[in-house]
Amino acid sequence: RADTALYEAKAAGRSRVATAATCDAGLLEDFRAALDHGGLQVALQPIVVPGTGETIGVEALARWNHPERGPVSPAEFIPLAEANGLVKELDLAVARLACADSVRLRRALGRDVLLTVNASGRHLVDPDFVQDLLQVLADTGWAARDLVVEVTESTLEAASAAARDTLEELRAIGVRVAIDDFGTGYSAFSQLDAIPADFLKLDKDFTSQLTASGRRRAVLGGLLRMSEELGLAVIAEGVETPEQRQALVALGCPLAQGYFFHRPLPVEDLLRALSAETPPAGAPAGALSGT
Ligand code: C2E
Ligand code: MG
Ligand code: MG
Ligand code: MG
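Before going into details, it helps to say that this report is about the structure given with it. (Residues numbered from 1 in each chain as written. Chains lettered and ligands numbered in written order. Predicted model: local features only at pLDDT ≥ 70, side-chain atom pairs only at ≥ 80, totals over all residues. Heavy atoms only, no water.)

1. Describing the pairing of strand E8 (residues 233–236)
Right, on to step 1. The pairing of strand E7 (residues 199–202) with E8 spans four bridges and is classified as parallel. Paired with Leu 202 across the two strands is Ala 236, which belongs to E8.
Right, on to step 2. Where E8 meets strand E9 (residues 255–256), two bridges bridge the pair, whose relative direction is parallel. Its bridge partner being in E9, Ile 235 is matched across the sheet by Leu 255. (Pairing = 2+ DSSP bridges. Helix = DSSP H or I, 4+ residues; strand = E, 2+ residues; numbered from the N terminus.)

Given below as structure tokens:
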């Protein structure tokens, strides 16, 4: 298909840096084995309201602990999976694990939470992707309205009509869409109104410059107003310091994520971390301690 060819061409340009990892035959073999035998894990990182720290959702991040090499970075194994036709299997495996974990999390929190999963741009030109995702939802009992699919800004620059159709299809079944890594490279401000999305994730490089530059804060202020009018909720990624958090609160950024609040954690550890927090006013004490 023309869309797939276009996607491949763009992806090839982007992944030249990853050549070393994508050509490591031994690592590829081990990765395949991990995919086939349940060797992948997922870490969940809370998405919070920056002013209160309240967790409203979690992002699922793939984790691979290699039996000999130890933890392998997603920066290494995602390009490997992309280059070898395994990224769909990876993304669906992560979605499946994350949905199951989130069912536990929602039960422990006693309220709805959002789950966001990362998706390769490839899936947007895959005619079966939406159906496959629906199957994961059916199998795990996670609701479509509590799922958000993250796709990167660079993918959307190349968004063909077919890719946009897939985004519309996702929203038609109730799944929401986030534009990931916004603010890296040349952000397509002029296209924001044309992309069917619900969340805008501000890249951590953007967040890290907030406290150093009043001009940067002015750009974010404008972006926040524009996003609000477009119905996009902004999530600032990579918040690491109290000063960054304060800048976000002052500007009225609705959502945030980063080490300052929580690191990505396995569900067990996350349940422990959240139950140690002071419950919001009105919540019954110990509401977080059950599973
Ligand atoms: P991303 O989706 O933009 O995820 C955010 C990355 O920032 C994660 O890195 C997270 O651990 C890291 N991070 C979170 N808070 C902070 C912070 O305060 N400071 C800093 N410096 N970093 C922070 P990670 O887990 O290494 O993942 C890297 C990228 O790999 C992700 O970027 C995403 O593009 C990709 N990825 C991860 N899991 C999956 C997956 O299941 N499927 C696909 N297709 N891609 C994935
Ligand atoms: Mg992401
Ligand atoms: Mg991101
Ligand atoms: Mg990223």
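The discussion continues.
2. So, the site of ligand 1
Right, on to step 1. Taken together, 22 residues surround ligand 1, and among them Arg 63, Asp 91, Asn 118, Glu 240 and Tyr 259 come closest.
Right, on to step 2. One of the side-chain nitrogen or oxygen atoms of Asp 91 is found 2.6 Å away from a nitrogen atom of ligand 1.
Right, on to step 3. Side-chain polar atom of Asp 180 to an oxygen atom of ligand 1: 2.9 Å apart, as the coordinates give it.
Right, on to step 4. Look at ligand 1: alone it shows 800 Å² of surface, and the protein chains cover 82% of it. (Near = heavy atom within 4 Å. Polar contact = N/O pair within 3.5 Å; in protein donor to acceptor, adjacent residues only side chain to side chain. Areas by Shrake-Rupley, 256 points an atom, 1.4 Å probe, with all protein chains shown as cover.)

3. Here's the deal with the pattern of salt bridges
Right, on to step 1. On inspection of all chains with the given rule, the structure shows 13 salt bridges.
Right, on to step 2. Across the pair Arg 171 and Asp 198 runs a salt bridge, and its minimum N-O distance is 3.1 Å. Taken together, the residues Arg 171 in helix H8 (residues 161–172) and Asp 198 in the loop between strand E6 (176–182) and E7 connect sequence positions 27 residues apart.
Right, on to step 3. Take Arg 171: its relative accessible area is 32%, and that puts it in the partly exposed class.
Right, on to step 4. The exposure class of Asp 198 is buried, given its relative accessible area of 16%.
Right, on to step 5. Here Asp 269 ties to Arg 272 by a salt bridge, and the two come within 2.7 Å at their closest N and O atoms. Here Asp 269 pairs with Arg 272, and both are found in helix H12 (residues 267–275), just three residues apart, close to one helical turn.
Right, on to step 6. By relative accessible area, Asp 269 is classed as partly exposed at 30%.
Right, on to step 7. Residues joined in a network through salt bridges with shared partners are Glu 59, Glu 150, Lys 201 and Glu 237. (Salt bridge = Lys/Arg side-chain N within 4 Å of Asp/Glu carboxyl O. Buried < 20%, exposed > 50% of the residue type's maximum accessible area, 1.4 Å probe, protein only.)

4. Considerations on the coordination of the magnesium ion (ligand 3)
Right, on to step 1. For the magnesium ion (ligand 3), every protein donor is listed as Asp 180 (OD), Asp 181 (OD), Glu 237 (OE) and Glu 237 (OE), and the spread of their distances is 2.1 to 2.7 Å.
Right, on to step 2. Binding-site remark: the magnesium ion (ligand 3) is held by donors from one chain whose sequence spacing is D-D-x55-E.
Right, on to step 3. Between the two metal centres, the magnesium ion (ligand 3) and the magnesium ion (ligand 2), the spacing is 4.1 Å, with Asp 180 acting as a shared donor. Taken together, the residues span a long stretch of sequence, with Asp 180 in strand E6 and Glu 237 in the loop between E8 and helix H11 (242–251) at a distance of 57 residues. Considered together, Asp 180 and Glu 237 belong to a single accessibility category, that of buried residues. (Donors = N, O, S within 2.8 Å, 3.2 Å for Na, K, Ca; no water.)

5. With respect to the environment of Ser 213
Right, on to step 1. Structurally, the position occupied by Ser 213 is in the loop between helix H9 (204–208) and helix H10 (214–230).
Right, on to step 2. Polar side-chain contacts of Ser 213 include one of 3.3 Å to the backbone nitrogen of Arg 215.

6. Regarding helix H5 (residues 87–109)
Right, on to step 1. With 23 residues, H5 extends 31 Å from end C-alpha to end C-alpha; this agrees with the ideal 33 Å at 1.5 Å per step.
Right, on to step 2. Positive phi shows up at Gly 110, right after H5, with a value of about 70°. (Expected span 1.5 Å × (residues − 1).)

7. Examining the pairing of strand E5 (residues 147–152)
Right, on to step 1. Among the six residues of E5, five are classified as buried, and the element is accordingly described as predominantly covered.
Right, on to step 2. As defined by bridge partners, strand E4 (residues 114–118) adjoins E5 across four bridges and the pair is classed as parallel. Bridge pairing links Leu 115 to Leu 147 in E5.
Right, on to step 3. As for the winding sense of the linkage, the β-α-β connection from E4 through helix H6 (residues 129–140) to E5 is right-handed.
Right, on to step 4. Note: E5 against E6, five bridges, orientation parallel. Bridge pairing links Val 151 to Ile 179 in E6. (Right-handed = clockwise from strand over helix to strand, strands pointing away.)

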